[in-house]
Amino acid sequence: MSETRPIDFPFFALPDADPADAAATAHPPVVAARGAALDLDRVGRRFPLDGREVEVLSGISLAAAPGETLVVVGASGCGKSTLLRLILGLDRPDTGRILVDGRLVEGPDTDRGIVFQDHRLFPWTRVEDNVAHALVAHGVPRRERLARARAELARVGLSAHARSWPGQLSGGQAQRVALARALVARPRILLLDEPFAALDAITRRRLQDEVAGIIRSEGLTAVMVTHDVDEAIRMGDRIVVMRPHPGRISRILTTGEARGTGPAAETRRRQITRQVLDDLGLR
Ligand SMILES: Nc1ncnc2c1ncn2[C@@H]1O[C@H](COP(=O)(O)OP(=O)(O)O)[C@@H](O)[C@H]1O
Ligand SMILES: [Mg+2]
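Reading the values: the criteria
Residues numbered from 1 in each chain as written. Chains lettered and ligands numbered in written order. Predicted model: local features only at pLDDT ≥ 70, side-chain atom pairs only at ≥ 80, totals over all residues. Heavy atoms only, no water. Pairing = 2+ DSSP bridges. Helix = DSSP H or I, 4+ residues; strand = E, 2+ residues; numbered from the N terminus. 1 Å grid on protein atoms, 1.4 Å probe; cavity = no way out; pocket = protein on both sides within 12 Å on 5 of 7 lines; lining within 4 Å. Points joined across faces, edges and corners; volume = space filled by probe spheres on them. Nonpolar A, V, L, I, M, F, W, Y, C, P; charged D, E, K, R; others polar. Domains from an automatic or database assignment. Salt bridge = Lys/Arg side-chain N within 4 Å of Asp/Glu carboxyl O. Buried < 20%, exposed > 50% of the residue type's maximum accessible area, 1.4 Å probe, protein only. Near = heavy atom within 4 Å. Polar contact = N/O pair within 3.5 Å; in protein donor to acceptor, adjacent residues only side chain to side chain. Areas by Shrake-Rupley, 256 points an atom, 1.4 Å probe, with all protein chains shown as cover.

## Focus on the pairing of strand β1 (residues 38-49)
Note that β1 and strand β2 (residues 52-64) share nine bridges and pair antiparallel. Among the inter-strand pairings, Phe 47 is bridged to a residue of β2, identified as Val 54. Counting the residues that bridge the hairpin from β1 to β2 gives two residues, and of these Asp 50 lies at a positive phi of roughly 50°. In the sheet, β1 pairs with strand β4 (residues 95-100) via five bridges, with the strands oriented antiparallel. Across the sheet, Leu 40 pairs through a bridge with Ile 98, a residue of β4.

## Concerning the layout of surface pockets
Volume-wise, the largest pocket comes out at about 530 Å³. Together, 20 residues line the largest pocket, and Leu 88, Arg 112, Ile 114, Ala 134 and Arg 181 are the ones closest to its centre. For the lining of the largest pocket, the elements supplying multiple residues, two or more each, are β6 (112-115), α3 (127-133) and α5 (171-183). Considering every element that reaches the lining of the largest pocket, the biggest residue donor is β6, with three residues. Tallied by class, residues from the lining of the largest pocket come to eleven nonpolar, five polar and four charged. Taken domain by domain, the lining of the largest pocket gets at least three of its residues from each of domain 1 (11-111 + 190-283) and domain 2 (121-186).

## A look at the pattern of salt bridges
Applying the stated criterion across every chain yields a total of 22 salt bridges. Notably, a salt bridge pairs Asp 41 with Arg 97, separated by 3.8 Å at the nearest N-O pair. Here Asp 41 is found in strand β1, whereas its partner Arg 97 is found in strand β4, with 56 residues between them in sequence. Relative accessible area serves as the criterion here: at 29%, Arg 97 is assigned to the partly exposed category. For Arg 155, the salt bridge goes to Glu 152, with nearest N and O atoms at 2.6 Å. Taken together, the residues Arg 155 and Glu 152, both in helix α4 (residues 142-155) and three residues apart, mark about one turn of the helix. The buried category is assigned to Glu 152, whose relative accessible area is 3%. Counted as one network, the salt bridges with shared partners bring together Glu 152, Arg 155, Arg 186 and Glu 218.

## Structural notes on the site of ligand 1
Phe 47, Val 56, Ala 75, Ser 76, Gly 77, Cys 78, Gly 79, Lys 80, Ser 81 and Thr 82 make up every residue found near ligand 1. Within the contact set of ligand 1, an oxygen atom lies 3.0 Å away from a backbone nitrogen or oxygen of Gly 79. A total of 570 Å² of accessible area belongs to ligand 1 in isolation, and the protein chains cover 55% of it. The dominant element in the shell around ligand 1, judged by the number of residues it contributes, is helix α2 (residues 80-88), at three residues. Its residues assigned to classes, the shell around ligand 1 shows four nonpolar, five polar and one charged.

Structure follows, in structure tokens:
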């Protein structure tokens, strides 16, 4: 968990596109993020509010290398969940574009899975059926759906609860099921929207390590939202700090040696924490 991975990939945080410059979003990116697992190119999103359009996200440019974990932090309402919904394909950007493995995101697909803060399991159907259900839309036959769901539940340590009802699970177990459901279609990109926020400290720590282990062993590319700077440092290869009104990237920090042990790591952790809290106006 504490080692750092070398990343041989060119990272670019492009400057915000000028919203007045229509050409900024009508053409391919100036700097293409070659080889990126996930590439956001000047992504913007507006929502109607009280009869006018509010810009929620503006000029979000960001690329993740295969196997990289990006952790997004930012004030409540700055557009973090909106950003994940756009990557998932549940919502479409008004400007810019999102590419997964070089392909334009036009809707949800098996290459992306998501875990939310609340588990969002169907209470009326058993744990294994909740997980299997994620494969229905992809045309997987029922028998195979169940087999894959059980395999996925085994991976998150919940085989004994496959036939349980969601209401019989603890918070941590329910999040494990949500994780199994996100992974059952074998995505390349895992999105996590404050997945541990509602858990007690010990469960949270355990799940952080388990999720990090799965991300690493599967070579997944992950984008996780959190409010917890320690969690961001522990799980993220890079920390993306966002500012609100409109939501935009204010800073990208590489965790690097902060994830090691010893005094240099401790110094780097303090430095990152200070920078993040400064940006969030919390210090
Ligand atoms: N579908 C929507 N329609 C209108 N406004 C929305 C919609 N989704 C999000 N918003 C607004 O966009 C802003 C960002 O929301 P969100 O992405 O949930 O922020 P965060 O996850 O950072 O707390 C909020 O002001 C929210 O009210
Ligand atoms: Mg949110």
